[in-house]
Amino acid sequence: MNETSPAARPHAGPEAAPGRIVLLTTSHRVAPGLLSWPAWQALRGADTVLCADGAHPQLPYLREAGIAVAETSPTAQELVDACAGGRTVVVVATGEGEPALTDGLARLAGSGRVAMPELELLPASYDLPGARLLDLVQVMDRIRAECPWSSRQTHEGLAKYGIEEAYELVEAIEAGDRPELREELGDVLLQVVFHSRIAEEHPDTPFSIDDVAGGIVAKLIRRHPHIFGDERAETPEDVKEHWLRTKAEEKKRTSVTDGVPLGQPGLALAAKLASRVRTAGLKVPLPEGEGIGYELLALAARAEADGVDPEAALRAAARVYRDAIRAAEDPRTTAEDPRTADGEEEDEG
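Definitions and cut-offs
Residues numbered from 1 in each chain as written. Predicted model: local features only at pLDDT ≥ 70, side-chain atom pairs only at ≥ 80, totals over all residues. Heavy atoms only, no water. Pairing = 2+ DSSP bridges. Helix = DSSP H or I, 4+ residues; strand = E, 2+ residues; numbered from the N terminus. Axes fitted to C-alpha atoms, helices over the stretch in contact; angles between N-to-C directions. Parallel < 35°, antiparallel > 145°, perpendicular 65-115°, else oblique. Contact = heavy atoms within 4.5 Å. Nonpolar A, V, L, I, M, F, W, Y, C, P; charged D, E, K, R; others polar. Expected span 1.5 Å × (residues − 1). Buried < 20%, exposed > 50% of the residue type's maximum accessible area, 1.4 Å probe, protein only. Arc of directions from axis to C-beta. Phe/Tyr/Trp six-rings, centres within 6.5 Å; stacked < 30°, edge-to-face > 60°.

How should the sheet that holds strand E5 (residues 118-123) be read in this particular structure?
Sheets are built from strands paired through backbone hydrogen bonds, the pairs being either parallel or antiparallel. The five strands are arranged E3-E2-E4-E1-E5 in an open sheet whose pairing can be described as parallel. Every other strand in the sheet has two partners, leaving strand E3 (70-71) and E5 as the edge strands with one partner each. Examined bridge by bridge, strand E1 (residues 20-25) and E5 share six bridges and lie parallel to one another. Each residue of the ladder has a partner; that of Arg-20, found in E5, is Glu-118.

Following this line, the structure appears as structure tokens:
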């Protein structure tokens, strides 16, 4: 039977068994009361269950299950004494994980003067992959409600940031900067959560982050019948064929150009159109005309046919050009430039 207080425990005698302390940790990202079976066994088999936080979300569920919990915060020595005689004490840890208590127990153990109980750390619930997304949603809720800037934002006002963050993500990928990649992925994720939070407030057609996530989950399942259905796919080309066929059935588009955003960068737009034509098996010759635009269109189509992303290729070349510019701006390089040595004036533009 669980006892409600360790205060009346006799002091541990020299021959007493040291007992056992179980530090029970839970995750606030899991619904209260959903504990592991080993946790319930430890709770039901304990002589005493303690919790320093009277508002701990697990307490109502433990008491409903018949577990008596003493709302107290013992010192390390008091906890050791409560285990005298081979008793088991379970401590339901607060969100901070009871650092003062565990530090105190470590000091007692290090002194060598105390017969220490067996100490077990038992996760009663733990985060599943993606659990920190719940924290992000909660933080966004609070920022939307309390921040003078964030509370006034709209989809239209945030649109430019979505574009900027996407470009910064691409830059981090192309630079091979892993820490920057991680940060930029977070910034892109923030845009999704921010827009979803704003969407909840729409008077006629609200939706939430759960609706967004549910929609993409359903789409992924539909478009991967070789994983979630009976179809087969042995190559990446097979997978792409499944994807395009399913997408065409869903969208019921009348042209292969439907859904191609015209506002994207020009080279990417030209390559996307060429890709749609090639994938559909259409024979559409490139338009002929004078000027750099038609030349760039032909280059973009050629790059796409060769499996090259023309936007990425141009950015890579531009970075080389940028480095050449910086090298030319180096004072040592400028000092050796024969034009400046002859007194030629630089272009002020």
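There is more to say, and it comes next.
How should I be thinking about the packing of helix H11 (residues 266-280) against helix H13 (residues 310-329) in this particular structure?
Geometrically, a packed helix pair is captured by the angle between its two axes and the distance between the axes. Taken N-terminus to C-terminus, the directions of H11 and H13 make an angle of 150 degrees; their axes are 8 Å apart at the nearest point. Compared by their axis directions, H11 and H13 come out roughly antiparallel. Judged by residue contacts, Gly-266, Leu-267, Ala-268 and Ala-271 of H11 engage Pro-310, Glu-311 and Leu-314 from H13. Within the contact of H11 with H13, the residues separate by chemical class into five nonpolar, one polar and one charged.

What should I look at first to understand the environment of Gln-264 in this one?
Residue position: Gln-264 is located in the loop between helix H10 (236-251) and H11. Between the C-alpha atoms of Gln-264 and Phe-228, which are 36 residues apart in sequence, the distance is 33 Å. In this structure Gln-264 touches Leu-269 and Lys-272, once residues within four positions along its chain are discounted.

What is the right way to read helix H12 (residues 292-305) from this model?
Because each turn of an α-helix spans 3.6 residues, side chains separated by three or four positions end up pointing in the same direction. For H12, which comprises 14 residues, the first-to-last C-alpha distance of 20 Å matches the rise-based estimate of 20 Å (1.5 Å per residue) to within 8%. Within the sequence span of H12, burial applies to Ala-300, Ala-301, Ala-303 and Glu-304. Down the axis of H12, the smallest arc covering the buried residues is 160 degrees, so these residues share one side. Looking at H12, the residues exposed on the side facing more than 90 degrees away from the buried face are Ile-292, Arg-302 and Ala-305. Here the buried face of H12 lies against H11 and H13. The positive-phi residue at the C-terminal boundary of H12 is Gly-307, with phi of around 80 degrees.

Is there a simple way to think about the packing of aromatic side chains in this case?
One pair of aromatic rings is described through two measures. These are the centre distance and the angle between the planes. Following the criterion strictly, the structure yields two aromatic pairs and no others. Centre to centre, the rings of Trp-149 and Tyr-161 are 6.3 Å apart; their planes meet at 75 degrees, and the pair counts as edge-to-face. With Trp-149 in the loop between helix H5 (132-146) and helix H6 (155-175) and Tyr-161 in helix H6, the pair connects residues that are twelve residues apart, well separated along the chain. Classification of Trp-149 by relative accessible area gives partly exposed; the value is 44%. On the basis of relative accessible area, Tyr-161 is assigned to the partly exposed category, the value being 27%. Note on Trp-149 and Phe-194: the rings are 6.5 Å apart at their centroids and 65 degrees apart in plane angle, and the pair reads as edge-to-face. Of the two residues, Trp-149 sits in the loop between H5 and H6 while Phe-194 sits in helix H7 (residues 178-199), which places them 45 residues apart along the sequence.

Looking at this model, I keep getting lost on H6. Mind explaining?
With 21 residues, H6 should reach 30 Å at 1.5 Å per residue; the first-to-last C-alpha distance of 30 Å fits that figure. When we look at burial in H6, the residues that qualify are Leu-158, Glu-165, Leu-169 and Ala-172. At its buried positions, H6 is contacted by H7. Looking one or two places after H6, you find Gly-176, whose phi comes out positive at around 70 degrees.

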